[in-house]
Amino acid sequence: MNIILLGPPGAGKGTQAGLLEDKFDMVQLSTGDMLRAAVKAQTEVGKKAKAVMDAGELVSDAIVSGIIGDRLDELGPDKGVIFDGYPRTAAQAHALDEILSERGRKLDHVIEIAVDEDALVDRITGRYTCANCNAGYHDRHKKPSTEGVCDVCGSTEFKRRPDDNEDTVRTRMTEYRGKTAPILPIYEERNIVSRVDGMGGIEEVSDALNAILS
Ligand code: AP5
Ligand code: MG
């Protein structure tokens, strides 16, 4: 099974992709995570992407489609994939069609996580992750069970994304509305789009996704 999770910044794509990985034995491919890793490692891609990401704009189609193709080649052909944050433009959607067909894969579902934009600023500005294992937390909605200690690995170091400030979030939302939401009709024509209400709690959204995929 190959699926796309589509939704604006803070919709819960990463949170839900992580849950689906465990439940369905699939692999999450997040272009955002891959680009952040490239920035941290100061690769050529990372150097090109850093300023664009910090501004909340979109990195070039060729770069992101290139990394997605490379990552798929590293996976076995039978491993199902959850695309998180890719594709984000019509050019990326067409590139993904080619990338998948060249590898004998097809898209099974495109799931839009629908949210109220006002809630997203709160979600994003409260988000942080474990600096050691990357487990995700939130100041209000998902605190570690012992304050200041990661539930997963016990680390006491946490970090926040440089693009998780209100100004950048607004730019990211404008990019989503202008360039990413318009790709939905490409998939609607193929009858593979489902919508879940992303405004419920994390568990409720997860149940809605499981119902679509089971
Ligand atoms: P990316 O990393 O993909 O960021 P994004 O799309 O802006 O989305 P987020 O990761 O911010 O949100 P999410 O939907 O994953 O939400 P999360 O689950 O964390 O991209 C970053 C940048 O990289 C882009 O701006 C661009 O520059 C570049 N880029 C990446 N891909 C690209 C591409 N294809 N093309 C070009 N450029 C690209 O949840 C958010 C918070 O809310 C968390 O704290 C979570 O705990 C909490 N939460 C989640 N669900 C719920 C819920 N149901 N109720 C309450 N709280 C919740
Ligand atoms: Mg994410």
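Notes on the structure follow. (Residues numbered from 1 in each chain as written. Chains lettered and ligands numbered in written order. Predicted model: local features only at pLDDT ≥ 70, side-chain atom pairs only at ≥ 80, totals over all residues. Heavy atoms only, no water.)

What follows covers the site of ligand 1. In the neighbourhood of ligand 1, 34 residues make up the surrounding shell, with T15, E57, R88, R127 and R172 lying closest. Within the backbone of G10, one N or O atom sits 2.8 Å away from an oxygen atom of ligand 1. Between E57 and ligand 1, the recorded distance is 2.5 Å, taken from a backbone N or O atom to an oxygen atom. In isolation ligand 1 has 1000 Å² of accessible area, and contact with the protein removes 95% of it. When residues of the shell around ligand 1 are traced back to their parent elements, those giving at least two are α1 (13–24), α2 (31–41), β6 (136–138) and α9 (202–213). Residue contributions to the shell around ligand 1 peak at four residues, all from α2. (Near = heavy atom within 4 Å. Polar contact = N/O pair within 3.5 Å; in protein donor to acceptor, adjacent residues only side chain to side chain. Areas by Shrake-Rupley, 256 points an atom, 1.4 Å probe, with all protein chains shown as cover. Helix = DSSP H or I, 4+ residues; strand = E, 2+ residues; numbered from the N terminus.)

Another point: α9. For α9, built from twelve residues, the straight-helix expectation of 16 Å at 1.5 Å per residue is met to within 8% by its first-to-last C-alpha distance of 17 Å. For α9, the set of buried residues is V205, S206, L209, N210 and L213. End-on view of α9: buried residues confined to an arc of 140 degrees, all on one side of the axis. Turned more than 90 degrees off the buried face of α9, the exposed positions are E204, D207 and A211. Where α9 is buried, its residues touch β1 (2–6), α1, β4 (109–114) and β8 (193–197). (Expected span 1.5 Å × (residues − 1). Buried < 20%, exposed > 50% of the residue type's maximum accessible area, 1.4 Å probe, protein only. Arc of directions from axis to C-beta. Contact = heavy atoms within 4.5 Å.)

All chains considered together, the criterion is met by 21 salt bridges. Measuring nitrogen to oxygen at the nearest pair gives 3.0 Å for the salt bridge that ties E175 to K179. Placement of the pair is E175 and K179 together in helix α7 (residues 166–180), with a separation of four residues, close to one helical turn. Accessibility expressed as a relative area gives 13% for E175, which makes it buried. A relative accessible area of 40% places K179 in the partly exposed class. By sharing partners, the salt bridges in this structure join R127, R161, D163, D164 and R172 into a single network. (Salt bridge = Lys/Arg side-chain N within 4 Å of Asp/Glu carboxyl O.)

The strand order across the open sheet built from five strands is β2-β3-β1-β4-β8, with neighbouring strands paired in parallel fashion. Of all the strands in the sheet, the pair left with one neighbour each is β2 (27–30) and β8. The average angle at which neighbouring strand axes cross in this sheet is 25 degrees, direction not considered. Strand direction decides the pairing type here: β2 and strand β3 (residues 81–84), joined by four bridges, are parallel. Across the sheet, residue S30 finds its bridge partner in β3, namely D84. (Pairing = 2+ DSSP bridges. Axes fitted to C-alpha atoms, helices over the stretch in contact; angles between N-to-C directions.)

Taken as a whole and judged by the stated rule, the model has zero disulfides. You can see C150 has no disulfide; the closest cysteine sulfur is in C133, sitting 3.7 Å from it. (Disulfide = S-S within 2.5 Å.)

Attention shifts here to the side chain of K13. Looking at the element boundaries, K13 is found in helix α1. Of the side chains bearing the opposite charge, D84 lies closest to the buried K13, which forms no salt bridge; the N-O distance is 5.0 Å. Within polar-contact distance, the side chain of K13 engages the backbone oxygen of P8 at 3.2 Å. In this structure, K13 is in contact with L5, L6, G7, P8, D84, G85 and I113, ignoring residues within four places of it in sequence. (Lys, Arg positive; Asp, Glu negative; His and termini not counted.)

Turning our attention to the environment of M173. With respect to the helices and strands, the residue M173 is situated in helix α7. Under the relative-accessibility criterion, M173 is labelled buried at 2%. C-alpha of M173 to C-alpha of E203: the two residues are 30 residues apart in sequence and 24 Å apart in space. Ignoring sequence-local partners within four residues, the contact set of M173 consists of P9, E117, L120 and V121.

All right, on to the nonpolar core then. Grouped together as the largest cluster of nonpolar side chains are 30 residues, with contacts concentrated most on L72, F83 and Y187. Elements with a contribution of two residues or more to this core: β1, β2, α2, α3 (44–55), α4 (61–74), β3, α5 (90–102) and α8 (184–188). Counting residues per element, this core draws most heavily on α4, which supplies five residues. Grouped together as the second largest cluster of nonpolar side chains are 19 residues, L5, V115, M173 and L213 included. (Core = buried A, V, L, I, M, F, W, Y, C linked by side-chain atoms within 4.5 Å.)

Without other data, these values stay purely geometric and don't point to any function.
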